[in-house]
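# A look at the structure
This is what each chain is made of:
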Amino acid sequence: MPNTLFPTSVVGSLPRPEWLLEAIAKFEAGELPESQLKEYYDEAVVLAIKQQETTGVDEVSDGEQRRFSFLAFVAERIPSFKLIPTTELMTKEAEQYVKSMNLHVGVISNPIIVGKIKRTAPLVAGEVAFAKRYTDKPVMAPLIGPLTLLINSWNRDRSGSFYKTPEDAFGDLTAMLREEILALKEAGASFVQLDEPAVGNFVDFRYTRWLLALNGWKLGDLGELHKIAAELINRTVKGVSGIEVGVHICRGNWRSDEQHYSDGGYEKMIDEILEMKVRRLVLEYATKRAGTYKVFREHPWHGEIGLGVIDVKDPRVETPQEIVKRVEEASRVFGEENIVLNPDCGFASGRPWPVVNRQIAYAKLSAQTAAAKMLRKKHA
Ligand SMILES: [Zn+2]
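Residues numbered from 1 in each chain as written. Predicted model: local features only at pLDDT ≥ 70, side-chain atom pairs only at ≥ 80, totals over all residues. Heavy atoms only, no water.

## A closer look at the coordination of the zinc ion
Which entries qualify depends on this criterion: Keep in mind that water is not among the atoms, so a site may look incomplete; donors are the N, O and S atoms within 2.8 Å of the metal, or 3.2 Å for Na, K and Ca. Remark: exposure states derive from per-residue accessible area (1.4 Å probe, protein chains only) relative to the maximum for the residue type, with buried under 20%, exposed over 50%, and partly exposed in between.
Bound to the zinc ion on the protein side are His248 (NE2), Cys250 (SG) and Cys345 (SG), at distances that span 2.1 to 2.3 Å. Residue class for histidine 248 comes out buried when judged on its relative accessible area of 2%. Residue cysteine 250 is classed as buried on the basis of its relative accessible area, which comes to 4%.

## Some thoughts on the sheet that holds strand 7 (residues 304-310)
Neighbouring strands of a sheet are bound in pairs by backbone hydrogen bonds; such pairs are parallel or else antiparallel. Heads up, the rule is: Two strands pair if DSSP finds at least two bridges between them. For the purposes of this entry, the term helix denotes a DSSP run of H or I that reaches at least four residues, the term strand denotes a run of E that reaches at least two, and both are numbered from the N terminus. Every angle, taken between N-to-C directions, lies between 0 and 180 degrees, and every axis is a line fitted to C-alpha atoms, over only the stretch in contact when it is a helix.
If you walk across this open sheet you meet the six strands as 3-4-5-6-7-8, and the pairing is parallel. One side of each edge strand has no neighbouring strand; the edge strands of this open sheet are strand 3 (140-144) and strand 8 (339-343). Going from strand to strand, the sheet's axes swing by 25 degrees on average, the running direction of each strand aside. As judged from the five bridges shared by strand 3 and strand 4 (residues 191-195), these two strands associate in the parallel manner. Pairing of methionine 140 across the sheet is with phenylalanine 191, part of strand 4.

## Points about the environment of isoleucine 49
Rule in force here: Contacts are assigned to residue pairs with any non-hydrogen atoms lying within 4.5 Å of each other.
Tracing the chain through its elements places isoleucine 49 in helix 2 (residues 34-54). Under the relative-accessibility criterion, isoleucine 49 is labelled buried at 0%. For the pair isoleucine 49 and glycine 126, spaced 77 residues apart in sequence, the C-alpha separation works out to 15 Å. Among residues more than four places away in sequence, those in contact with isoleucine 49 are Ser61, Ala131, Tyr134 and Thr135.

## Digging into helix 5 (residues 92-101)
Each full turn of the α-helix corresponds to 3.6 residues, which orients residues three or four apart in the same direction. Which entries qualify depends on this criterion: The reported arc concerns the directions from the helix axis to the C-beta atoms and nothing else.
For helix 5, the full list of buried residues reads Ala94, Val98 and Met101. Buried residues of helix 5 fall within an arc of 85 degrees about the axis and therefore sit on the same side. Residues of helix 5 that are exposed and point over 90 degrees away from its buried face: Lys92, Gln96, Lys99 and Ser100. If you follow the buried residues of helix 5, they end up packed against helix 11 (206-215). Backbone geometry just downstream of helix 5 places asparagine 102 in the positive-phi region, at approximately 55 degrees.

## Observations concerning the pattern of salt bridges
Under the convention used in this document: By definition, a salt bridge exists where a carboxyl oxygen of Asp or Glu is found within 4 Å of a side-chain nitrogen of Lys or Arg.
Taken as a whole, this structure holds 20 salt bridges when the rule is applied. The shortest N-O distance in the salt bridge between glutamate 64 and arginine 67 comes to 3.9 Å. Take arginine 67: its relative accessible area is 0%, and that puts it in the buried class. Note that glutamate 180 and arginine 119 form a salt bridge whose closest N and O atoms lie 2.6 Å from each other. Pair noted here: glutamate 180 is in helix 9 (residues 170-187) and arginine 119 is in the loop between strand 2 (109-113) and helix 6 (125-132), with a separation of 61 residues, a long-range link. For glutamate 180, a relative accessible area of 0% corresponds to the buried category. By sharing partners, the salt bridges in this structure join Glu59, Glu244, Arg280 and Glu304 into a single network.

## So, the side chain of glutamine 65
Rule in force here: Polar contact is defined as a pair of N or O atoms within 3.5 Å, subject to the rule that within protein one atom must be able to donate a hydrogen and the other to accept it, and that residues adjacent in sequence are counted only when both atoms are side-chain atoms.
In this fold, glutamine 65 is placed in the loop between helix 2 and helix 3 (73-77). According to the relative accessible area criterion, glutamine 65 is buried, its value standing at 1%. Side-chain polar atoms of glutamine 65 contact the backbone oxygen of leucine 14, separated by 3.0 Å. Engagement of the side chain of glutamine 65 in a polar contact is seen with the backbone oxygen of glycine 63, the distance being 3.0 Å. With residues near it in sequence (within four places) discarded, glutamine 65 still touches Leu14, Pro15, Arg16, Pro17, Leu20, Tyr41, Ala44, Val45 and Ala48.

## Overview of the layout of surface pockets
Which entries qualify depends on this criterion: Computed over the protein atoms alone on a 1 Å grid, cavities are sets of points where a 1.4 Å probe fits but cannot get out and pockets are open sets with protein on both sides within 12 Å along at least five of seven lines; a residue lines them when it has an atom within 4 Å of a point. Grid points are joined across faces, edges and corners, and a volume is the space filled by probe spheres set on the points. In the scheme used here, Gly and all other residues not listed as nonpolar or charged are polar, with Ala, Val, Leu, Ile, Met, Phe, Trp, Tyr, Cys and Pro taken as nonpolar and Asp, Glu, Lys and Arg as charged.
The computed volume of the largest pocket comes to approximately 310 Å³. At the level of secondary structure, the elements contributing two or more residues to the lining of the largest pocket comprise helix 1 (18-28) and helix 2. The dominant element in the lining of the largest pocket, judged by the number of residues it contributes, is helix 2, at four residues. Considered class by class, the residues forming the lining of the largest pocket number four nonpolar, no polar and six charged. Its volume calculated, the second largest pocket comes out at about 170 Å³. What lines the second largest pocket is Tyr285, Ala286, Thr287, Lys288, Gly291, Thr292, Tyr293, Arg326 and Glu329. Split by residue class, the lining of the second largest pocket holds three nonpolar, three polar and three charged.

As structure tokens, this is what we get:
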């Protein structure tokens with residue numbers, strides 16, 4: 001992280017340019033060779049980096065321009081996973097949740113385990129190595145978190161012959177992610193962010209129930225997942241040093257309408273959060289659904305806080321003044337020296353569902369920069 005008070009960062013994804021989406025559609029229709037598509041991807045990444053630099057982001061990402069989604073990309077890189085539409089996996093029980101929650105699952109495909117998990121290729125290290133050729137700023141690396149990956153990818157029918165239970169996959173899955181973290185250290189990433197929306201969904205377990213029903217993961221008590229979440233994170237980071245690792249927790253990010261997202265504060269998961277042996281927590285706090293800081297006043301967190309100050313689903317651009325207010329309030333709980341300013345989540349965690357357009361996303365990042373400058377002046 002840059003050696004400054006109130007550094008600014010991102011959570012990962014940025015909306016893809018229209019011309020990239022058109023190129024991908026052409027490629028999928030067999031009208032564009034892969035080599036040319038790769039050039040489009042490269043240019044989209046360079047543009048995303050330059051736009052973050054222009055808007056004054058201190059720690060940039062590659063915008064996840066090459067990924068289908070923050071989760072699905074695993075299947076694009078590692079053959080032990082195969083992208084399967086959730087409509088093909090649907091069970092009677094899962095169908096009921098879809099109806100009762102009004103879930104729009106037609107756009108979702110999950111990277112299902114279809115072989116012994118092995119890191120046969122880089123997951124994210126290649127993205128970071130490329131990005132670093134185009135910027136001198138620190139480059140952060142969003143990497144899927146172990147629980148979110150497992151809960152989406154282990155499917156009784158498709159994965160059962162390789163791992164009889166999800167628990168049987170713990171070792172291979174965390175080993176793959178740990179190897180990736182070490183490769184990211186080698187590639188020069190400033191920060192590895194393990195994306196764990198599955199932990200965010202603990203606030204009401206609605207989405208979790210759907211996923212477990214879809215994949216046939218039987219748990220006597222859903223509360224077991226709390227322990228599993230911390231265990232998987234700690235197995236993933238075991239023995240890793242010399243690179244900053246953190247966990248990003250959010251409550252879902254694939255449509256801009258708020259009604260079916262999880263709602264509730266961090267008190268529902270504070271025990272496992274405090275158990276996680278990571279340096280930075282990247283948390284939603286701009287959305288009201290994330291609750292208040294009270295829980296951290298009572299249960300102090302001593303590491304860094306990637307504080308969500310931008311609501312990625314609200315098209316209204318925040319004013320720097322309101323961001324300053326949010327940060328000052330959080331500073332009294334977390335300590336101003338521990339705060340990194342970032343949006344609540346990515347602006348486009350999946351290619352088909354950007355939550356706001358590019359203009360709004362970059363306007364919001366500019367407001368975040370303006371707020372950081374005001375804060376540095378005030379608190380120097
Ligand atoms: Zn998120």
